[in-house]
Amino acid sequence: PAELKRWFDEGRPMVLLDTRNEYEVEVGTFKGAETLKLDNSRQFAERAAKRFASEISNRARADAPTIVTFCTGGIRCEKAAILMRQAGVEHVLQLDGGILGYFEQTESAPHWRGDCFVFDERVALAPGLEPLHLWTLLTPLPGLMVGSTYAEATLTKALAERDAANAWTEAP
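Residues numbered from 1 in each chain as written. Predicted model: local features only at pLDDT ≥ 70, side-chain atom pairs only at ≥ 80, totals over all residues. Heavy atoms only, no water.

In space, the 4 strands of this open sheet follow the order β3-β1-β4-β5, with parallel pairing throughout. With partners counted over all chains shown, the strands left at the sheet margins are β3 (34–35) and β5 (92–94), one partner each. Pairing of strand β4 (residues 66–70) with β5, which is carried by 3 bridges, proceeds in the parallel orientation. Residue pairing in the sheet places T69 in a bridge with Q94 of β5. Contacts from helix α5 (residues 75–87) reach β1 (14–18), β4 and β5, with the element oriented near 170° to β5. (Pairing = 2+ DSSP bridges. Helix = DSSP H or I, 4+ residues; strand = E, 2+ residues; numbered from the N terminus. Contact = heavy atoms within 4.5 Å. Axes fitted to C-alpha atoms, helices over the stretch in contact; angles between N-to-C directions.)

The subject of this paragraph is the pattern of salt bridges. Applying the stated rule across the entire model yields 6 salt bridges. With a shortest N-O distance of 2.5 Å, K5 and D9 are connected by a salt bridge. Remark: D9 and K5 occur in helix α1 (residues 2–10); sequence separation between them is 4 residues, near one turn of the helix. Judged by its relative accessible area of 48%, D9 is partly exposed. The partner of R6 in a salt bridge is E10, and the shortest N-O contact between them spans 3.3 Å. Here E10 and R6 lie together in helix α1, a separation of 4 residues that amounts to about one turn. When its relative accessible area of 41% is taken as the criterion, R6 is described as partly exposed. On the basis of relative accessible area, E10 is assigned to the exposed category, the value being 53%. (Salt bridge = Lys/Arg side-chain N within 4 Å of Asp/Glu carboxyl O. Buried < 20%, exposed > 50% of the residue type's maximum accessible area, 1.4 Å probe, protein only.)

Next up on the list: the pairing of β1. Across the 5 residues that make up β1, a large majority, 5, are buried. Side chains M14, L16 and D18 of β1 all project onto a buried face; the interleaved residues V15 and L17 project onto the opposite face, where all are buried too. As paired strands, β1 and β4 are joined by 5 bridges and run parallel to one another. Residue pairing in the sheet places M14 in a bridge with T66 of β4. Pairing of β1 with β3, which is carried by 2 bridges, proceeds in the parallel orientation.

The structure is reproduced here in structure tokens:
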């Protein structure tokens, strides 16, 4: 994480590849990051092969920019980097510890835009690792399109949880 921040600060040429699903990307991503518009991780290999076809065919280019894959916690981006290397893409690294590692190890997570979707009751985390609270679902999230899969799923889940909690507090 500290090295990625340094690369950003130095203006080092790199390709940042967000390996998460599109609904996660809608919540937040790095400035200038590319996405493969994934609905699920199974689509990664095919879409990455199409996007990086020239890098695969010109794999010996010394001047090729480093590709940095990233994801929430580091697992999907590690797998993505391995798949890309196996396909013949050179100069591929992963963000160790993922976005959450970047949040933990860099002060105020510079170069990050928005929040980070997480797969638990917190819904999303801000760069300071503060959870997204239920009341914030009533206000638009930065960069979140109305009607997006993420917004619909999050709101549906939050309303279901609220209704379930109310069911326990109502008199029979």
